[in-house]
Amino acid sequence: MQGYQFAHIETWSRKGVAKNNGKDEKVRRNGQRGWTAEQIIDEAAREPWASEHVGRGRRDPLVISGTCASFDELRAAHEEACRAKVSVPYTNRQTKKKGTRRRSVRVDTHTLYTAVISLPILSADAREDQTVMDECRKAFDLVIACEKRRIKDAGGEFAMGAIHLDERHVHLHLYGLDRHRGSVNGLHPGKAALDEFRARHGALSSKDSDLFQRSKRAYCDAMREWQDDLHREALGRVGLCRFGPRRFRCSRGQWNERKREEEERAKAQTTIEAVGKITASQRAASDALAEREANVSEMQESLQAEHEKLAQGRASVEEDALRLDAGLATVEAMAAGYIEEHQSAGESTIRATPDTKKSDKKWQELRARLSRAPSEASRIGALIGASLRDLRAEAKRQARETAMADARAEIERRFPGLGAVHRVAQGLINRLSTPRERLEATNELDRAAKAEAKDVASFRKEGGPPPRSGDGQEQ
């Protein structure tokens, strides 16, 4: 796009023109017609009574939504801004005390902010060629982004935009509001700078004073800065020059060359930005890929550690299962009489009993299970062997006591006199002083009883007649 930028800012009130020396004026001090805010909105909406300068070729504008999506919403939002309450200084006439009061904004307060950006593109060309229209939309999108950010920073809101294609050149209208303060002077860079200057230096004196001239410079400097920002952030990026040919007193050839250079610079800048975005995207993709590879490597290490942990757990479980199976096989083998515990040099081992046959299939199966965990089999064998020894000793003792009791009973029945002798002998044994002596005497008495029991058994075996009561009794 070749040419120079054109951008203009203006603010509007509901009244249009403020009173001048108590008189209502129809023309502004700058010579422009005193349009009201409502008329400005109607002109943008291409209402017939407000767009006579367009003629029969008027077209509906292209609306770019902000906080408002249509002109009706813009009118409603503007009315809401006009109802905003502001604090104004007040002096009590009776007490002369100064204070503030809350009231609605005045009708001559500027409550609508507008900006016009025109491009060096004919509307007819934009309507006929979509490529040209896309180029215009790109420029307008950059302008809207710049203005939206600036208006928001100033405390206002970007209401909407409207693109007109029914006048000679393609142009964009922007609208801003401030629903909290009502006045949009804070959104206008020049007026905001002027208000700040007045706040620092007080009321201005005559127009010829140095203070007044300084306030004008502050206003103009702020507007130049706004134009520079708009060119740097938006219009310069599509190839437009900041100034026209008259500023530098260029000839036509020099101006054409300058426009071409500016367009080439904008294209180069766009290419550089695109390459920068691609490079940044590639760098981001590379970083993401490296991070993903690091995550994959970390996950692999974690999975490997988990796999090793599971393998260790599986081996431990298998080992425990073998030990448990060997223990059960030891119990089964000892219960079946295939093995027995053997104590040697203070160590306990298990070995096959003399009666165990190597060809026994059950014993072969149990021996195979025992061989898988011999240490566990020895441990279980020692535990069970000690218990079995205790049980066998207890069983022998109980059997011996039972046999002795049966023998005594048989002797007393067959030989009452001999039974009395045993009872007397047991009573004498109980009177012995030491447990050892009592134990030895009891053992001797038991051996005598066993011999007597054998005699009784031999007598029964020979089949002799049972003695009669009183026969063969010892006196």
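Just so you know, these numbers come straight off a predicted model, no measurement behind them.

A. Local environment of the overall build of the protein. From N to C terminus, the protein includes 12 helices and 9 strands. Among the 475 residues that make up the protein, the fraction classed as buried is 32%. Residue pairs at least 24 apart in sequence account for 63% of intrachain contacts in the protein once pairs closer than 6 positions are excluded. About 30700 Å² of surface is accessible on the protein, with carbon and sulfur atoms providing 51% of the total.

B. Geometry of a negative patch on the surface. Residues Asp125, Glu128, Asp129 and Asp134 make up a contiguous surface patch of negative charge. With respect to the helices and strands, glutamate 128 occurs in helix H3 (residues 123–128).

C. Geometry of the pairing of strand S1 (residues 6–13). S1 sits mainly inside the fold: 6 of its 8 residues count as buried. Bridge count between S1 and strand S5 (residues 110–122): 8 bridges; the pairing is antiparallel. Note on S5: the bridge partner recorded for isoleucine 9 is alanine 115.

D. Structural view of the side chain of histidine 164. Note that histidine 164 resides in strand S6 (residues 157–164). Given a relative accessible area of 0%, histidine 164 falls into the buried group. Residue contacts for histidine 164: discarding those within four places in its chain leaves Glu43, Ala44, Arg46, Pro61, Ser123, His169, Val170, His171 and His173.

E. Seen up close, helix H1 (residues 37–44). Among the 8 residues in H1, 6 count as buried, and that is most of the element. Within H1, the full set of buried residues consists of Ala37, Ile40, Ile41, Asp42, Glu43 and Ala44. The inward-facing, buried residues of H1 abut S1, helix H2 (71–82), S5, S6 and strand S7 (169–177). Two residues or fewer past H1, arginine 46 is found with a positive phi of approximately 60°.

F. Layout of the sheet that holds S7. If you trace the 5 strands from one edge of the open sheet to the other, you get S1-S5-S7-S6-S2, paired in antiparallel fashion. The strands lining the two open edges of the sheet, one partner per strand, are S1 and strand S2 (62–65). Neighbour-to-neighbour, the strand axes of this sheet turn through a mean angle of 20°, independent of strand direction. Contacts from H1 reach S1, S5, S6 and S7 within the one sheet, and its direction differs from that of S5 by about 30°.

G. How the structure looks around the pattern of salt bridges. Scanning the entire structure with this criterion turns up 25 salt bridges. With a shortest N-O distance of 3.5 Å, glutamate 332 and arginine 369 are connected by a salt bridge. Residue glutamate 332 is located in helix H8 (residues 252–336), and its partner arginine 369 is located in helix H9 (residues 361–371); the two are separated by 37 residues in the primary sequence. On the basis of relative accessible area, glutamate 332 is assigned to the partly exposed category, the value being 33%. A cluster of three or more residues bridged by salt bridges with shared partners is formed by Arg149, Asp153, Asp229, Arg232 and Glu233.

H. Expanded view of the side chain of histidine 78. Within the fold, histidine 78 resides in helix H2. Residue histidine 78 is classed as buried on the basis of its relative accessible area of 2%. With residues up to four places along the chain from it excluded, the contact list for histidine 78 reads Arg14, Ala37, Glu38, Thr111, Leu112 and Leu177.

I. Representation of the packing of aromatic side chains in the model. Under the definition given, this model contains 0 aromatic pairs. When the ring centre of tyrosine 90 is taken as reference, the NZ or CZ atom of arginine 101 above it lies at 3.5 Å.

J. Broad picture of the nonpolar core. Of all hydrophobic cores here, the largest spans 35 residues; its most connected members are Ile117, Leu119 and Leu230. Where this core is concerned, the elements lending two or more residues are S1, S5, helix H4 (130–153), S6, S7 and helix H6 (210–233). Sort the elements by how many residues they give to this core and H4 lands first, with 10 residues. Once residues lying within four places of it in the same chain are set aside, the contact partners of isoleucine 117 are Phe6, Ala7, Phe140, Val143, Val170, His171, Leu172, Leu174, Leu230 and Leu235. Within the second largest apolar cluster, 16 residues are counted, among which are Trp12, Ala45, Leu74 and Ala162.

K. Layout of unusual backbone geometry. Even without a glycine there, the phi angle at arginine 46 is positive, about 60°. Structurally, arginine 46 can be placed in the loop between H1 and S2. Residue lysine 96 is not a glycine yet carries a positive backbone phi of 60°.

L. Spotlight on the packing of H4 against H6. Remark: H4 packs on H6, axes separated minimally by 9 Å, with the N-to-C direction vectors making an angle of 135°. Considering their axes alone, H4 and H6 lie oblique with respect to each other. Considering how the two elements wind past one another, H4 and H6 form a crossing that is right-handed. Facing H4, whose interface residues are Leu142, Val143, Cys146, Glu147, Arg149 and Arg150, H6 presents Trp226, Asp229, Leu230 and Glu233. By residue class, the composition of the contact of H4 with H6 is 5 nonpolar, no polar and 5 charged.

M. The confidence of the model for the protein, seen in detail. For the protein, the mean per-residue pLDDT works out to 83, and 88% of the residues sit at or above 70. Of the regions scoring below 50 in pLDDT, residues 468–475 engages in 3 contacts with residues more than four places distant in sequence or in other chains.

N. How the structure looks around the packing of H8 against H9. Orientation of H8 relative to H9, taken along the N-to-C sense of each, is 145°, at an axis distance of 8 Å. Of the two possible hands of crossing, H8 and H9 adopt the one that is left-handed. Of the residues in H9, those in contact with Asp325, Ala326, Leu328, Ala329, Thr330, Glu332 and Ala333 of H8 are Lys362, Trp363, Leu366, Arg369 and Leu370. Taken together, the residues of the contact of H8 with H9 sort by class into 7 nonpolar, 1 polar and 4 charged.

Cut-off values and rules
- Residues numbered from 1 in each chain as written.
- Predicted model: local features only at pLDDT ≥ 70, side-chain atom pairs only at ≥ 80, totals over all residues.
- Heavy atoms only, no water.
- Helix = DSSP H or I, 4+ residues; strand = E, 2+ residues; numbered from the N terminus.
- Buried < 20%, exposed > 50% of the residue type's maximum accessible area, 1.4 Å probe, protein only.
- Contact = heavy atoms within 4.5 Å.
- Areas by Shrake-Rupley, 256 points an atom, 1.4 Å probe, with all protein chains shown as cover.
- Patch = residues over 30% accessible without salt bridge, like charges linked within 9 Å, V, L, I, M, F, W, Y side chains within 5 Å.
- Salt bridge = Lys/Arg side-chain N within 4 Å of Asp/Glu carboxyl O.
- Lys, Arg positive; Asp, Glu negative; His and termini not counted.
- Charge placed at Lys NZ, Arg CZ, Asp CG, Glu CD.
- Pairing = 2+ DSSP bridges.
- Axes fitted to C-alpha atoms, helices over the stretch in contact; angles between N-to-C directions.
- Phe/Tyr/Trp six-rings, centres within 6.5 Å; stacked < 30°, edge-to-face > 60°.
- Lys NZ or Arg CZ within 6 Å of the ring centre and 35° of its normal.
- Core = buried A, V, L, I, M, F, W, Y, C linked by side-chain atoms within 4.5 Å.
- Parallel < 35°, antiparallel > 145°, perpendicular 65-115°, else oblique.
- Left-handed = near helix turned anticlockwise from the far one by under 90°.
- Nonpolar A, V, L, I, M, F, W, Y, C, P; charged D, E, K, R; others polar.
- pLDDT = per-residue confidence, 0-100.

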